[in-house]
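A look at the structure
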Amino acid sequence: MKLDVIKLDAGKAGTIDLADEIFGLEPRADILHRVVRWQRAKAQAGTHSVLGKSDVSYSTKKIYRQKGTGGARHGSRKAPIFRKGGVYKGPTPRSHAHDLPKKFRALGLRHALSAKAGAGNLVILDEAVMAEAKTKLLAKTAKELGWKRVLIIDGAEVNENFAKAARNIEGIDLLPTMGANVYDILKRDLLVITKAGVEALEARLK
């Protein structure tokens, strides 16, 4: 697959050959769904908690005698059937993470990249470098290029000035190659990858 390479000033910077086994696959929704579920489950805090029978603050004294009252037999008021009693089998703090094979995760990333390329929402940038960390300048450039909800993937390291300029602009996110993931790619309307990012992704996924 061949794509044009652009500069930040929208000028042409030649073309680039993209590997078909990474950018030319037929996207499968089931693979993308599994990887996104794995990512979101791993990120879930899991701090939900309720008070059980042993946690609520009540006396443990038997509330009335066992027999002769005509009522059901009860022990303490901590029982779940009473108002303000302990919750039975309620949620407790736990990890929601589950395992997903490394090869499957890599496959999901290939399909996410292919989905953007197939939909025409992939742009190859010559380099994401700025001489000064000027947010106003980058915001103007993004507006001229028509970038609204965009994820930019750079090489192993991102340019410090570019990162500083981008972090205050709503709708622009910047990641190094190792941070590239299915959820962030699918969440944005446009995917922008630098030439260094393409090389690093191809080396990572081949």
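Here the structure is a predicted model, which is why all the values come from computation and not from measurement.

**Observations regarding the pattern of salt bridges**
Counting across every chain of the model gives six salt bridges. Residue Asp126 pairs with Lys195 through a salt bridge whose shortest N-O separation is 3.9 Å. Of this pair, Asp126 sits in the loop between β3 (122-125) and α4 (135-145) while Lys195 is found in helix α7 (residues 195-205), placing the two residues 69 residues apart along the sequence. Residue class for Asp126 comes out partly exposed when judged on its relative accessible area of 25%. For Lys195, a relative accessible area of 30% gives the class partly exposed. One salt bridge connects Arg188 with Asp184, and the closest N-O pair in it is separated by 3.0 Å. As far as burial versus exposure is concerned, Arg188 and Asp184 are alike and both buried.

**As for helix α3 (residues 102-118)**
Given a rise of 1.5 Å per residue, 17 residues ought to cover 24 Å, and the 24 Å separating the end C-alpha atoms of α3 matches this to within 8%. Among the structural elements, α1 (20-23), α2 (29-43), β3, α6 (182-187), β6 (190-194) and α7 are those in contact with the buried residues of α3. Backbone geometry just downstream of α3 places Gly120 in the positive-phi region, at approximately 80°.

Parameters and conventions
- Residues numbered from 1 in each chain as written.
- Predicted model: local features only at pLDDT ≥ 70, side-chain atom pairs only at ≥ 80, totals over all residues.
- Heavy atoms only, no water.
- Salt bridge = Lys/Arg side-chain N within 4 Å of Asp/Glu carboxyl O.
- Helix = DSSP H or I, 4+ residues; strand = E, 2+ residues; numbered from the N terminus.
- Buried < 20%, exposed > 50% of the residue type's maximum accessible area, 1.4 Å probe, protein only.
- Expected span 1.5 Å × (residues − 1).
- Contact = heavy atoms within 4.5 Å.

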